[in-house]
Amino acid sequence: EFGSHKLRLTNLFIRDTVKQGRLASGSEVQTGFSRMNQDTAWFERQLIDTQFVGELRFGDLGIDLRGSYANSQREAPYETSIGYVRTNRATDPYGAYYVNRLNNGQNGHASVAFSDLNEDLWFGSLDATYQLTPRLGVAAGYSFNDTQRQSTRREFQFIAPSDFNINTQSVGVAMLRPDLLLAPGIIDFYKIGLVETTQSDPAFAAKLRVHGGYGKLNYEPIDGLSLDLGVRYEKARQSVNPVQVFAVPSNSGASTLLDNGHWLPAATVTWEFAPRMQVRANASRTIARPQFREMMFQQYYDPESDRLYRGNPQLNDSRLTNAEARFEWYFAPEQRLSLAGFYKKIDRPIEAYSSFTGNAIETSYANAPRATLYGVEAEVQKYLDLSGMGGFFTTRRLVALANYTYTTSKVQVRAGDTVAVYLGRVSVEPAGNYFTDGSRLTGQSDHIANLQLGLEDTEKLSQQTLLLSYASERVVSRGGGGMPDIIERPGLRLDFVVRQGLDFLGQQVDFKFEARNLTGQRHEEFQRAGANRIETNTYDVGRSFSASLSLKF
């Protein structure tokens, strides 16, 4: 800091690794076969971020400078998947045993995949503000960001020759556990082959470059009434292209090029009609760009949601028209009550849909024609002084924070509407094949409620907080091919968090303890038709406990 100016350089490094094992077993209704799938994976994730911020003040003129560089990486070597089959047939002499004949799934399978992702992000911006008069201020700015990603996923499948499946000598081998079944000696002796299943699109290069500029003015015509008016123009070029890996090109041609410009106006009116009370109304136009992973025609597994995904290179930008009105009452310091109503009109919202391939569910994305979303929300924050109770409570207060949101949304599909998807080639189909008129937007719960109750020391760091959250059912993915939508039931969740400041050799230590999902809420995803329900991704989450110490020097 020098004078009224500030310069700040921040560096951040994060790296985590996750080892995962999964075991799934079940029965096929059509064949009566029992199947057991075993999966192991290792994920390495890393982020390096450097950011420079300059805040310069020259009287009524303020200049803010920002520049940053970030590199993120994700590596997943040796994602292994192995499946065994038990026919349960009396006519099969080995029908009572799990076997893996390595014949691409009919009587067992085995595969291994290697994934590698590297992304570089450069960002820079300049903002200038100037107070022309005590009631009129203006601002203008420019920003630039450039993102480049390289993503590779190579999957190889172990395929046994046909005589492996009829040779009685090999039956005992087919019952071996995974590490012995795929041992080098077995592979060499039985001439088990390795076939790349991702040969058409093993690697992609993605780029996004955005230039944006804006102008804004803030005007207070009378005391208590202020207007913020502004407009932003963005020019963006986004591309996703297959990378040639082999000497003889074999890519599917699943590429994307979006070169769009958008005018994005916004206006806000705030009226403080009484002390500590105000109403605020705003309207704006915004956009939502598809993410790289939603556009790459490349299968990937998300360990957080336990789902398979594949992008759609035919996605386009979504455009949103937003409006909101809000009442706010600050009835005491740090305490408030707010009520709001909101509305959104969305052109080409990006929706997830699922297709069923063999025994796996694969999720992809498509632009629905249009949708609307509206609702209300309420929030209250209140403190209750407990000092009158004495003793432990002398310096403590009760913290209560609650909010509730009701939302209703509708996807709109009209006759003649189409949707562009990619199924190894560009396919333009009737929108009704993927979306139902009047259905809810994916990821949108009608009811969301949160309650936070805690004790807080007013003189030192000491907090004990209970967090109760609830979300009603929501659609996570459209059911492809006329199938019912996949529904998620988040349910009720209770967490407990403690933060306590401690003294260690004259230094303050921040101790944090977290107990999550104390209600034992399961993760439930299912399809429902009438009284019938089929689980698609339901499992026990369990309860988690963690503790950490942080020391400030």
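Residues numbered from 1 in each chain as written. Predicted model: local features only at pLDDT ≥ 70, side-chain atom pairs only at ≥ 80, totals over all residues. Heavy atoms only, no water.

S.K.: What is the right way to read a nonpolar patch on the surface from this model?
M.R.: Together, F2, L7, L9, F52, L65 and L126 line one region of the surface with nonpolar side chains, adding up to about 540 Å² of accessible area. The topology assignment puts F52 in strand β2 (residues 34-58). You can call F52 partly exposed: its relative accessible area is 33%. (Patch = residues over 30% accessible without salt bridge, like charges linked within 9 Å, V, L, I, M, F, W, Y side chains within 5 Å. Areas by Shrake-Rupley, 256 points an atom, 1.4 Å probe, with all protein chains shown as cover. Salt bridge = Lys/Arg side-chain N within 4 Å of Asp/Glu carboxyl O. Helix = DSSP H or I, 4+ residues; strand = E, 2+ residues; numbered from the N terminus. Buried < 20%, exposed > 50% of the residue type's maximum accessible area, 1.4 Å probe, protein only.)

S.K.: When you look at the nonpolar core in this model, what are you seeing that I'm missing?
M.R.: General note: in soluble globular proteins, nonpolar side chains tend to be found buried as a group. Counting 17 residues, the largest nonpolar core has V240, F292 and M296 as the members making the most contacts within it. Of all the secondary-structure elements, those providing two or more residues to this core are β7 (203-222), β8 (225-242) and α4 (292-295). When residues in this core are grouped by element, the largest group, four residues, is from β7. Here V240 is in contact with F204, A205, A206, A254, S255, T256, F292, M295 and M296, once residues within four sequence places are set aside. (Core = buried A, V, L, I, M, F, W, Y, C linked by side-chain atoms within 4.5 Å. Contact = heavy atoms within 4.5 Å.)

S.K.: I keep staring at the side chain of S439 and nothing clicks. Help me out?
M.R.: Summarising the element assignment, S439 is placed in the loop between β20 (426-430) and β21 (447-457). Among the polar contacts made by the side chain of S439, one reaches the main-chain carbonyl oxygen of T436 at a distance of 2.7 Å. Those residues in contact with S439, other than ones at most four positions away along the chain, are S409, K410, V411 and R478. (Polar contact = N/O pair within 3.5 Å; in protein donor to acceptor, adjacent residues only side chain to side chain.)

S.K.: Even after reading the chapter, I still don't get the pairing of β20, so can you show me in this structure?
M.R.: Taken residue by residue, a regular strand's side chains alternate between the two faces of the sheet. Judged from the five bridges that link them, strand β19 (residues 418-422) and β20 form a sheet pairing that is antiparallel. When the sheet's bridge partners are listed, T418 is paired in β20 with P430. Linking two consecutive strands that pair antiparallel, namely β19 and β20, is a turn of three residues; a positive phi of about 85 degrees is found at G424 within it. (Pairing = 2+ DSSP bridges.)

S.K.: Where do I start with the packing of aromatic side chains in this structure?
M.R.: Aromatic ring pairs are reported here in terms of the distance separating the ring centres and the angle at which the planes meet. Counted by the stated rule, this structure contains 14 aromatic pairs. Aromatic side chains Y233 and W263 sit 4.7 Å apart centroid to centroid with 45 degrees between the ring planes, which places their arrangement in the tilted category. Linking Y233 in strand β8 with W263 in strand β9 (residues 256-274), this pair joins segments that are 30 residues apart in sequence. In this structure Y233 comes out as partly exposed when scored by relative accessible area, which is 30%. Geometrically, the ring pair formed by Y353 and Y434 is edge-to-face, given 4.9 Å between the ring centres and 75 degrees between the ring planes. With Y353 in strand β15 (residues 350-357) and Y434 in the loop between β20 and β21, this pair connects stretches of sequence that are 81 residues apart. When its relative accessible area of 7% is taken as the criterion, Y353 is described as buried. Through a chain of ring-to-ring contacts, three or more aromatic side chains come together here, namely Y78, F114 and F156. Just above the ring of F297 sits the side chain of R310; from NZ or CZ to the centre is 5.1 Å. (Phe/Tyr/Trp six-rings, centres within 6.5 Å; stacked < 30°, edge-to-face > 60°. Lys NZ or Arg CZ within 6 Å of the ring centre and 35° of its normal.)

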